[in-house]
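Examining the three-dimensional arrangement
If you want the building blocks of each chain, they are given just below.
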Amino acid sequence: MPPTFCEVALPVPMRSLFTYAIPARFDSEELVGRRAVVPFRNRKMIGVIAAFAEIPPELKQVKEISELLDPIPALTPNLLELGNWISRYYIAPIGESLNALLPPQPDLRQAREYKLTEAGAEYLEELIARGPANEKEVAELAVLDGAKEAGKPWTSAQTRRIAGGEAAADRLVRAKRLEWSDVLLRRKLRTQKIVAWKNAARNSSAPPLDEKAARVREALAEFGGPMQLPILLERAKVTKRAVENLEAAGHLIIWEEPLIPDDDPWESDYVPPNNILNAEQKTALAEIQSWLDAAKFQAALLHGVTGSGKTEVYLSAIEATLAKGKSALVLVPEIALTLWMGRHVRARFGPRVAVLHSALPDAERAREWWRVRRGDARIVVGTRSAVFAPLQNLGLILVDEEQETAYKQEETPRYNGRDTAIYRARLENVVAVLGSATPSLESYQNARSGKYKLLELKTRVENRPMAKVTVVDLREDFRAHHKNAPVSEALRAAIAERLANGTQAMVLINRRGYSWFLLCRSCGAYLQCQNCSIGLTYHKSRQRLECHYCGFAMRVPKSCPKCAKEYLYFVGEGAERIEEYLHEQFPKARIARLDRDTVRTKQQFQKVLGAFAKGEIDVLVGTQMVAKGHDFERVTLVGVVAADLALGRPDFRAAEKTFQLLTQVAGRAGRGRLTGEVLVETYYPEHYAIELAAKQDYLSFFEKEAHFRRMLHYPPYTALASILIRDKKIEHAIQWSRALEAVLKPFENQGMKLLGPAAAPLSRLRQEFRFQFLLKTPKRSIVSQALSACVEYCEHHKIPETAVIVDVDPTSLA
């Protein structure tokens, strides 16, 4: 007899599965791992069937599954186990954990339906009889009349078309004149127009093509087939009307297809270099191939200096994996790097590659996800969420720039993509390789202790020299030149030299905006965000002071809001100010900026980097988006402005992050046949992170930083977790913090160190007051027990789930 009940995981902040009855029409279906639409309270939700179940005796009535969404299970047994591990390890609700593994459902949208009640019908007749007395009743009359005339449920979309309609519907629901329920509605997917030239036989008597038609035909011929209409309009330099006229004249065929992303010419025209592996690369590849031959779990750290050819080792390892009939997964920390890595992998392996990251439109991401699930794509390149890609017969997982904190998810479930990749490799008995020029202390310690294998690339390809790094002491620069410029005189002169000899320069300033904050020189106050305990950043192009956390913005005041004096002063320089200063100094130079203010989409990012790669930009100013992964052969100078910016942050990883960023950005210089130079500007040149980054001496940095970590009981020598308590009322946050302190205190007797509760470094964020605990212990099991006790206490004492954030292995303590 087939099972009659199942457990469904729903994306709600509750730590349990929900039991549903399986209708008889689904008896022959493969159910576990399938997505299903189920009724939950007064709405429909999409969940995943996690297991079959026996009905508990206390359940008298069990709701049925309404609909199955996919023809095959979205989640394989291995992926279900991975989701369960994330829930256990990161103390996250099982429904939200499994939801993170699922593809988008672009053809469904959540909507609210309203139905007229008897009381509503009576009220409608009353309004018609006496007429509405005010604007509120006018809106109520329109909503009730629409709900009556529709003959079917009245939707929230229809309500929004009425002035004041949403507020009116809410009032009518409270007065029980309307009933509502949440439903899932099918959405029409977006399409795009495709254009092709008709291959009709030439008619000698036909009139010759005019100039516009000739350009269209030439553009289509160069492309080699049908083309998306927007791309055709751009390449042929014609209008939409001209194309429609050509269609009417019988020259073109136009049809619609589901919308797919544009291929940027910089990516599609890319030809990879034909690199020959050197001795070190061959040794590393041979080790990886031996692990692939063994077909057993093996974790390894590939530690290679910048420019040592780690990417070529990755590509050769993928090739060896595919030769064995297996699939490969490549993780990169940021969306920007998926474009760089994706073009390398696609150029080598063609259409077998899928790219997955959260910035893709839902329709595109769902299509790529299902290509992988069906086995049409055997290589996946993506950011941290791609660790859940449903690859079949997985053989190799590569994690590039494994040290990056971007691998940590900052919302529930708060998993680390790198650590999840290691667990998945263990679960599926495959090889996992972590790659970096500046490994995290945790990974390097694992390699030194024998937990991971260590592979090393100690020299650059073709024995190219490392870039010369010079530390510029800004204190001495001020004494010598007696001016406070956005960049030092040494960096300005170095840029001028590159412009003169026709090479390129990159300038890194890891701070967006024009100025860091606005200070009153009279009373000493600075303008803070009204929602967060952080200063507002000045953006000159928008003439706004903005909060980069909550999005609050305001105009620049003419006087201090506190003392009313007019002595306002902009403190610090951001990327926008650096770009402006360089334009002032070098008016004929081609200068561009790459940060989140100038680049919002994949196409914009590709356009800027593509122009830089082609030599159309002389100087590129950017935030950390320019620091990693990119390979530009004509870049001979990298300048780092405010290199010590991160050292003042209340984070035990501040020195490590500074060292990593400086070493990575230094690696962008001299990657071709031209030698490179790096200038690092700082007010703190004697700090060991800056000194050792200038020498590019990772081993010495590891020894020094590891000593501090061991003395202060921080990772990699202890397990670390944080608990953040937040609420818009400070008294609630304090009360809950004290209550959880009482829960956590007994665990100190088991060797756990408890810090807090104390105000979080960012004590107020998005109008919520925040208090923090830190839990440190050599035994991870004790941390897990303490966190589980906190979660259980919150459930029993009605502390809201959203008020307590549990973060296992946090990468930031802000």
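Just so we're clear, the structure is a prediction, and the values are computed from it rather than from any experiment. (Residues numbered from 1 in each chain as written. Predicted model: local features only at pLDDT ≥ 70, side-chain atom pairs only at ≥ 80, totals over all residues. Heavy atoms only, no water.)

A word on the overall build of the chain
Secondary structure summary: the chain contains 25 helices and 33 strands in total. Relative to the globule expectation of 28 Å for 814 residues, the C-alpha radius of gyration of the chain, 30 Å, shows essentially globular dimensions. Dimensions along the principal axes, computed over C-alpha positions, put the chain at roughly 95 × 85 × 75 Å. The burial tally for the chain puts 52% of its 814 residues in the buried class. Counted over contacts in the chain with a minimum sequence separation of 6, partners at least 24 positions apart contribute 74%. Summed over all atoms, the accessible surface of the chain reaches about 38200 Å², with 50% contributed by carbon and sulfur. Charge-centre separation for the chain: the mean point of 114 positive side chains lies 1 Å from the mean point of 99 negative side chains. (Helix = DSSP H or I, 4+ residues; strand = E, 2+ residues; numbered from the N terminus. Rg over C-alpha atoms; globule rule 2.2 N^0.38 Å. Buried < 20%, exposed > 50% of the residue type's maximum accessible area, 1.4 Å probe, protein only. Contact = heavy atoms within 4.5 Å. Areas by Shrake-Rupley, 256 points an atom, 1.4 Å probe, with all protein chains shown as cover. Lys, Arg positive; Asp, Glu negative; His and termini not counted. Charge placed at Lys NZ, Arg CZ, Asp CG, Glu CD.)

Observations concerning the environment of leucine 301
When you line up the elements, leucine 301 lands in strand 12 (residues 298-304). On the accessibility criterion, leucine 301 (0% relative accessible area) is buried. In the structure, leucine 301 is positioned 443 residues away from leucine 744 in sequence and 36 Å away in space, judged by C-alpha atoms. Setting aside chain neighbours within four positions, we find leucine 301 in contact with Glu402, Leu434, Pro439, Ser443, Tyr444, Ala447, Tyr452, Lys453, Leu454 and Leu455.

Structural notes on the pairing of strand 32 (residues 768-777)
Counted residue by residue, strand 32 has 8 buried out of 10 residues, so it is predominantly covered. Across 9 bridges, strand 30 (residues 719-727) lies against strand 32 in antiparallel orientation. Bridged to arginine 726 within strand 32 is arginine 770. Relative to strand 32, strand 31 (residues 753-765) runs antiparallel, the two being bridged by 7 bridges. Counterpart to leucine 755 in the pairing with strand 32 is leucine 774. Counted between consecutive antiparallel strands, the loop separating strand 31 from strand 32 contains 2 residues, among which arginine 766 sits at a positive phi close to 50°. (Pairing = 2+ DSSP bridges.)

A closer look at the nonpolar core
Leu329, Val380, Ile397, Ile723, Leu775, Leu787 and Val804 are the most contacted members of the largest nonpolar core, which has 117 residues in total. Broken down by element, this core gets its largest block of residues, 7 residues, from helix 25 (residues 780-796). The contacts of isoleucine 723, once residues within four sequence positions are left out, are Leu740, Leu744, Phe771, Gln772, Phe773, Leu775, Leu787, Cys790, Val804 and Ile805. Counting 32 residues, the second largest nonpolar core, distinct from the first, contains Trp291, Leu302, Val353 and Leu455. (Core = buried A, V, L, I, M, F, W, Y, C linked by side-chain atoms within 4.5 Å.)

Notes on the pattern of salt bridges
Think of it this way: side chains of opposite charge can pair up when their charged atoms draw near. A full pass over the atoms with the stated rule returns 46 salt bridges. Between glutamate 319 and arginine 348 there is a salt bridge; the shortest N-O distance is 3.1 Å. Residue glutamate 319 is located in helix 12 (residues 310-323), and its partner arginine 348 is located in helix 13 (residues 335-349); the two are separated by 29 residues in the primary sequence. Overall, the relative accessible area of 41% leaves glutamate 319 in the partly exposed class. Between arginine 424 and glutamate 428 there is a salt bridge whose closest N-O contact spans 2.9 Å. (Salt bridge = Lys/Arg side-chain N within 4 Å of Asp/Glu carboxyl O.)

Re the side chain of glutamate 656
Inspection of the secondary structure assignment puts glutamate 656 in helix 21 (residues 654-666). Classification of glutamate 656 as buried rests on a relative accessible area of 3%. Setting aside chain neighbours within four positions, we find glutamate 656 in contact with Pro439, Ser440, Leu441, Phe701 and Arg709.

A look at the environment of tryptophan 370
Tracing the backbone through its elements, the reader meets tryptophan 370 in helix 14 (residues 362-374). Given the relative accessible area of 14%, tryptophan 370 is considered buried. Residues tryptophan 370 and proline 390, spaced 20 residues apart in sequence, show a C-alpha to C-alpha distance of 8.4 Å. Once residues lying within four places of it in the same chain are set aside, the contact partners of tryptophan 370 are Arg35, Asp70, Ile72, Ala74 and Pro103.

Describing the packing of aromatic side chains
Per the counting criterion, the structure on display carries 18 aromatic pairs. Consider the rings of tyrosine 688 and phenylalanine 701, whose centres lie 6.0 Å apart with planes at 25°: the pair is stacked. Residue tyrosine 688 is found in helix 22 (residues 688-695), and its partner phenylalanine 701 is found in helix 23 (residues 698-712); the two are separated by 13 residues along the sequence. Side by side, tyrosine 688 and phenylalanine 701 carry an identical accessibility label, which is buried. Among the aromatic side chains, those forming a connected cluster through ring pairs are Tyr444, Phe659, Tyr688, Tyr698, Phe701, Phe702 and Phe708. In this arrangement the basic side chain of arginine 177 is found over the ring face of tyrosine 123, its NZ or CZ atom lying 3.7 Å from the centre. Positioned over the ring face of tyrosine 688 is lysine 704, at 5.7 Å from the centre of the ring. (Phe/Tyr/Trp six-rings, centres within 6.5 Å; stacked < 30°, edge-to-face > 60°. Lys NZ or Arg CZ within 6 Å of the ring centre and 35° of its normal.)

With respect to the sheet that holds strand 24 (residues 553-555)
Strand order in the open sheet made by the 3 strands is 22-23-24, with antiparallel pairing throughout. Where the open sheet ends on each side, the last strands, each with one partner, are strand 22 (537-539) and strand 24. On average, adjacent strands in this sheet sit at an angle of 30° to one another, irrespective of strand direction. Across 3 bridges, the pairing between strand 23 (residues 544-546) and strand 24 is antiparallel. Across the sheet, residue arginine 544 finds its bridge partner in strand 24, namely arginine 555. (Axes fitted to C-alpha atoms, helices over the stretch in contact; angles between N-to-C directions.)

Considerations on the sheet that holds strand 31
If you walk across this open sheet you meet the 4 strands as 31-32-30-33, and the pairing is antiparallel. Unpaired on one side and paired on the other, strand 31 and strand 33 (804-808) mark the two borders of the sheet. Strand-to-strand twist across the sheet, computed as the mean angle between neighbouring axes with direction ignored, equals 20°.

Remarks on a nonpolar patch on the surface
Where nonpolar side chains cluster on the molecular surface, the patch consists of Phe708, Met711 and Leu712 and spans about 320 Å² of accessible area. The residue methionine 711 is located in helix 23 in this model. (Patch = residues over 30% accessible without salt bridge, like charges linked within 9 Å, V, L, I, M, F, W, Y side chains within 5 Å.)

A short note on the packing of helix 22 against helix 23
One way to put it is that helix 22 packs onto helix 23 with a least axis distance of 9 Å and a crossing angle of 160°. Of the possible angle classes, the one that applies to helix 22 and helix 23 is roughly antiparallel. Handedness of the crossing formed by helix 22 with helix 23: left-handed. Together, Tyr688, Ala689 and Leu692 of helix 22 and Ser700, Phe701, Lys704, Glu705 and Phe708 of helix 23 make up the contact between the two elements. Classifying every residue of the contact of helix 22 with helix 23 by side-chain character gives 5 nonpolar, 1 polar and 2 charged. (Parallel < 35°, antiparallel > 145°, perpendicular 65-115°, else oblique. Left-handed = near helix turned anticlockwise from the far one by under 90°. Nonpolar A, V, L, I, M, F, W, Y, C, P; charged D, E, K, R; others polar.)

Examining the confidence of the model for the chain
When pLDDT is averaged along the chain, the result is 88, and 93% of the positions lie at 70 or above. Across residues 200-204, confidence stays below pLDDT 50; counting only partners more than four residues off in sequence or on other chains, it has 1 contact. In this model, residues 260-270 is a region of pLDDT below 50 whose contacts with residues beyond four sequence positions or in other chains number 26 contacts. (pLDDT = per-residue confidence, 0-100.)

Observations concerning the side chain of threonine 383
Tracing the backbone through its elements, the reader meets threonine 383 in the loop between strand 15 (379-382) and strand 16 (394-400). For threonine 383, a relative accessible area of 7% translates into the label buried. For threonine 383, the residues in contact, after removing those within four places along its chain, are Leu331, Val332, Pro333, Glu334, Ile335, Thr338, Leu356, His357 and Ser358.

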